Amino acid sequence: MLDNLENVKHLKFAKEDFLRSDRILATGVVGGDIKLGDRYLFSFYPVCIIPYIYIQKIKVERFYRHHGGSIYYLDITLKRTFQNIKIYFAKEDVAEKVREFILERNKDLSKREY
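Remember, predicted model here, so these are calculated numbers, not experimental data.

> Any details on the overall build of the protein chain? Residues and values, ideally.
Per the secondary structure count, the protein chain includes two helices and seven strands. When the helices and strands of the protein chain are read in sequence order from the N terminus, they spell out α-β-β-β-β-β-β-β-α. Looking at the protein chain residue by residue over its 114 residues, the buried ones come to 38%. Within the protein chain, residue pairs in contact and separated by at least 24 positions form 38% of the contacts whose partners lie at least 6 positions apart.

Right, here's the structure in full:
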């Protein structure tokens, strides 16, 4: 997946972060696993690599299904593209823990930049 990324500096760092991290989290949604790196969030569905410092806003939302029940998702707003990314979870507490981890990492990384 991340084999030929040496030409792009930003993606080279993402590859290193991906290989170093062992924090893989099952979201409870088919194909929706994520990996939490030190500087990046790796989502397998939807497929994306998100630098924590690019996240402007993140919140947990609830989506009600037509045939009963509900599912939760992280609604992530990025700083540079003003695009929203949604990552779905079966349980609210898992989504909240991921949100808290991302906010903590974002805060730590922001402190290092100054």
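> Tell me what's going on with the sheet that holds strand S1 (residues 24–25), and back it up with residues and numbers.
Taken in spatial order, the four strands make up an open sheet running S1-S2-S3-S4, and their pairing is antiparallel. Every interior strand has two partners, whereas the edge strands, S1 and strand S4 (47–51), have only one. In this sheet, strand S3 (residues 40–44) lies alongside strand S2 (residues 34–36) in antiparallel orientation, the contact comprising three bridges. Counterpart to Ile34 in the pairing with S3 is Ser43.

> Talk me through the packing of aromatic side chains; I want residue IDs and the actual numbers.
With the rule as written, the count across this model stands at five aromatic pairs. On the numbers, 6.4 Å between centres and 75 degrees between planes, the contact of Phe18 with Phe44 is edge-to-face. One end of the pair, Phe18, is in helix H1 (residues 9–20); the other, Phe44, is in strand S3, with 26 residues separating them in the sequence. Seen in terms of ring centroids, Tyr40 and Phe42 are 6.2 Å apart; in terms of plane orientation they differ by 40 degrees. Their pairing is tilted. Each member of the pair, Tyr40 as well as Phe42, is classed as buried.

Conventions adopted
Residue positions are counted from 1 within each chain, in the order its sequence is given. Given that this is a predicted model, residues contribute local features only at a pLDDT of at least 70 and side-chain atom pairs are listed and counted only at 80 or more, while totals for whole chains, interfaces and linings are drawn from all residues. Hydrogens and water are ignored here; the side-chain numbers use all heavy atoms of the structure. Helix numbers and strand numbers start at the N terminus; a helix is a DSSP run of H or I with at least 4 residues, a strand a run of E with at least 2. Relative accessibility decides the category of a residue: with a 1.4 Å probe and only protein chains considered, values under 20% of the type maximum give buried, values over 50% give exposed, and everything between is partly exposed. Here a residue-residue contact requires only that any non-hydrogen atoms of the pair lie within 4.5 Å. When DSSP locates at least two bridges between a pair of strands, those strands are taken to pair. Aromatic pairing here means that ring centres of Phe, Tyr or Trp (its six-membered ring) are within 6.5 Å. Orientation follows from the plane angle: under 30 degrees is stacked, over 60 is edge-to-face, and everything else is tilted.

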